[in-house]
Amino acid sequence: MGSRPYGRRLAWGAAALLVAGVAVPAAASASDAGRTDRTAESAVAAQAHGPKKAKNVILLIGDGMGDSEITLARDYTVGAAGRLNMDKFPMTGAYTTYSVDKNGKPDYVTDSAASGTGWATGHKTVNGRISKTPGTDKPMTTILELAQRNGLATGSVTTAELTDATPAVLASHATDRSCQGPADMKACPNDRIAKGGPGSIAEQSVNHKVDVLLGGGKQRFDQTITEGRYKGLTVTEQARKLGYQVVTDAKGLGKARADKPVLGLFAPGNVPVEWTGKPAAQGGTAPQRCVTNNPERTAGTPTLEEKTKKALQLLEQRQHGKKGFFLQVEGASIDKRDHSADPCGQIGETAALDRAVKVARAYAERHPDTLVVTTADHGHTSQIVPLEATPPGLSSTLVTDEGQQLKVNYSTNTPGKSQEHTGTEVRIAAQGPLAERVLGVTDQTELFTTIRTALSLR
């Protein structure tokens, strides 16, 4: 999920990185030969599309939400000729998602850590790394950090653990994505507080004082800190010391006030998915309808739509000096159910993200100085195939809302193993100031530039 731009970015990049006090990766220029010159294209499109400066940015990420995943959700829920909310943006393009190795050479299939680092920092990195350079393992300034330095309110909403890769890239720097809590630091010895490092992803997230943090991962925040100023406290207790309101259900979220930052922890791990059904199997499954509930999802668990609405309300009220906000919203388990070859879980999570897209677009209709972008971090495994096909891997047949049968194939790994990401380009769509920058084929790192430029971040 990441990419690191160079060439055209050098002029502003050098200044920004000097201010941030972070190093420019030496291998970066090798990975940016394909950057797109947006000047002429943007000039033409901008004449017809609103203001050039955004006060707010809402970025919605469908983890693993490639074109196949979008098409599958569309076919099942609104029909082949129907349109999802994410289909209705005025500007739609595609971007490349590859990561790099430690020498800056392309690694054609990214993971979520490297991919997220791409749009979060404007640089590519190695798979597994969180907003740090590929070769020298140095922290790189993130878009959220820049937003904070420029006086904007900030938020991160996810259906994963708040310490998972996609939310982590905004408010932490880690050698390895596994270093989520104080007890999880084995792969990040130099990031330990005792070594002068920033600590685990959970500790860094609250230390960053992000205004709104909503997701799962309570188990990470309940771990005891073993080093540094907050030694002996849990990360949740650290958050309270830093002024956070901590909420654990929809009722608590509803009561959260804007006068203090909010940490919402709605599940021990990832938030349980909304839909269930039979997973794909070798030889296929009997035709099935998805079950639009999940007994593992406890009463009081807020939906992604509800979390997005509340985050927007809180951020609007917390705008520092009325300067605006940056919010990232992730539908995380599209990816996780794709890995598990679970078409119903996957479709339900795509539909949940689509409802959050509707919330974001409605907010932007009322606030036209808001840039809304929806995209994915990487492609994934599910493919819609003919009913008569006999895939060698796992498959499932669904009965859509149109009463038609649809066969989904998962064949990017041996049955019984986790299905894999793919290296395809993915969709990016936008509305609002500088939305035209997503047109054509760009690279993931250019999203960082678009957001930074739209918000005039220095």
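Here we summarise the structure given alongside this text. Along each chain, residue indices are assigned from 1 in the same order as the chain's sequence is written. Confidence filtering applies because this is a predicted model: local features only for residues at pLDDT of at least 70, side-chain atom pairs given and counted only at 80 or more, and all residues used for totals across whole chains, interfaces and linings. Values shown for side chains rest on all heavy atoms present in the structure; no hydrogens or waters enter the calculation.

## Looking at the overall build of the protein chain
Moving on, step 1. Counting from the N terminus, the helices are the DSSP runs of H or I reaching at least four residues and the strands are the DSSP runs of E reaching at least two. Helices and strands together make up the secondary structure of the protein chain, namely 14 helices and 16 strands.
Moving on, step 2. We call a residue buried when its accessible area falls under 20% of the maximum for its residue type, exposed when it is over 50%, and partly exposed in between, using a 1.4 Å probe and counting protein chains only. Out of the 458 residues belonging to the protein chain, those deemed buried represent 62%.
Moving on, step 3. Contact definition: two residues touch when any of their heavy atoms are within 4.5 Å. Across the protein chain, the fraction of contacts at a sequence separation of at least 24, relative to all contacts at a separation of at least 6, is 74%.
Moving on, step 4. In the structure as shown, the protein chain presents an accessible area of about 16900 Å², 51% of it carried by carbon and sulfur atoms. Only the protein chains shown count as covering a residue, and every accessible area follows the Shrake-Rupley method with a 1.4 Å probe.

## With respect to the packing of helix α4 (residues 112-121) against helix α14 (residues 445-454)
Between two packed helices, what matters for the description is the angle formed by their axes and the separation of those axes.
Moving on, step 1. Lines fitted to C-alpha atoms define the axes here, with helix axes fitted over just the stretch in contact, and angles between the N-to-C directions of these axes take values from 0 to 180 degrees. Packing of α4 against α14 brings their axes to within 6 Å, and their N-to-C directions diverge by 30°. As judged from the angle between their axes, α4 and α14 are roughly parallel. For the element pair α4 and α14, the recorded crossing hand is right-handed. Here Gly118, Trp119, Ala120 and Thr121 of α4 lie close against α14, whose contacting residues are Thr445, Leu447 and Phe448.
Moving on, step 2. Its residues assigned to classes, the contact of α4 with α14 shows four nonpolar, three polar and no charged. When describing relative orientation, an angle under 35 degrees is termed roughly parallel and one over 145 degrees roughly antiparallel, while 65 to 115 degrees is termed roughly perpendicular and anything else oblique. Throughout, a crossing is termed right-handed when the near helix is turned clockwise from the far one, and left-handed when it is turned anticlockwise from it by less than a right angle. Residue type decides the class: Asp, Glu, Lys and Arg count as charged, Ala, Val, Leu, Ile, Met, Phe, Trp, Tyr, Cys and Pro as nonpolar, and the leftover types, Gly among them, as polar.

## Comments concerning the nonpolar core
Moving on, step 1. Side-chain atoms within 4.5 Å are what join buried Ala, Val, Leu, Ile, Met, Phe, Trp, Tyr and Cys residues into a set we call a nonpolar core. The biggest cluster of nonpolar side chains holds 104 residues, and the ones touching the most others in it are Ile58, Leu60, Leu263 and Leu327.
Moving on, step 2. Apart from residues no more than four positions distant in its own chain, Ile58 is found in contact with Leu312, Phe325, Leu327, Ala360, Tyr363, Thr370, Leu371, Val372 and Val373.

## Here we look at the state of the cysteines
What is meant by a disulfide is a covalent connection between two cysteines, made through their sulfur atoms.
Moving on, step 1. The term disulfide is used for any two cysteine sulfur atoms that are within 2.5 Å. A full pass over the atoms with the stated rule returns two disulfides.
Moving on, step 2. Through a disulfide, Cys179 is tied to Cys188; the S-S separation comes to 2.0 Å. Torsion about the S-S bond of the Cys179 and Cys188 cystine: about 100°, corresponding to right-handed handedness. Each member of the pair Cys179 and Cys188 is classed as buried.
Moving on, step 3. Each sulfur in the disulfide pair Cys290 and Cys344 lies 2.1 Å from the other. As the torsion about the S-S bond is roughly -80°, the Cys290-Cys344 disulfide counts as left-handed. You can see Cys290 sitting in the loop between β9 (281-282) and α11 (304-318) and its partner Cys344 sitting in helix α13 (residues 343-366), a full 54 residues away along the chain.

## Overview of the sheet that holds strand β13 (residues 394-399)
Moving on, step 1. Taken together, the four strands give an open sheet; going across it, the order is β9-β13-β14-β12, and neighbouring strands pair in antiparallel fashion. Looking at which strands have only one partner, the edges of the open sheet turn out to be β9 and β12 (383-385).
Moving on, step 2. At least two DSSP bridges between two strands are needed for those strands to be called paired. The pairing of β13 with strand β14 (residues 405-410) spans six bridges and is classified as antiparallel. Bridging from a neighbouring strand, Ser396 pairs with Val408 of β14.
Moving on, step 3. Here helix α3 (residues 67-77) sits on the sheet and contacts β12, β13 and β14; the angle it forms with β12, its principal contact strand, is near 55°.
Moving on, step 4. In the packing of α13 onto the sheet, contacts are made with β13 and β14, and the angle to β13 comes to roughly 60°.

## Considering α3
Moving on, step 1. What α3 keeps buried is the set Glu69, Ile70, Leu72, Ala73, Arg74, Asp75 and Tyr76.
Moving on, step 2. Check the buried side of α3 and you find it contacts α12 (333-339), α13, β12, β13, β14 and β15 (426-431).
Moving on, step 3. Of the residues one or two after α3, Gly79 is the one with positive phi, at around 95°.

## Structural notes on α4
Think of an α-helix as turning once every 3.6 residues; residues three or four places apart then point the same way.
Moving on, step 1. The buried fraction of α4 amounts to 10 of the 10 residues, a majority that puts the element mostly inside the structure.
Moving on, step 2. If you check which residues of α4 are buried, you get Ser112, Ala113, Ala114, Ser115, Gly116, Thr117, Gly118, Trp119, Ala120 and Thr121.
Moving on, step 3. Under the rule applied, a polar contact is a pair of N or O atoms within 3.5 Å (in protein, one hydrogen donor and one hydrogen acceptor; residues adjacent in sequence only if both atoms are side-chain atoms). Capping the start of α4, Asp111 holds a side-chain oxygen 3.3 Å from the backbone nitrogen of Ala113, two or three residues further along.
Moving on, step 4. Immediately downstream of α4, the backbone of Gly122 shows phi near 80°, a positive value.

## A few points about the packing of α11 against α13
Moving on, step 1. Look at α11 against α13: their axes get within 8 Å of each other, and the N-to-C directions meet at 30°. When the axis of α11 is compared with that of α13, the two are roughly parallel. Taken as a pair, α11 and α13 cross one another with a handedness that is right-handed. In contact with Leu304, Glu305, Thr308, Lys309, Leu312 and Glu316 of α11, α13 contributes Ala352, Leu353, Arg355, Ala356, Val359 and Tyr363.

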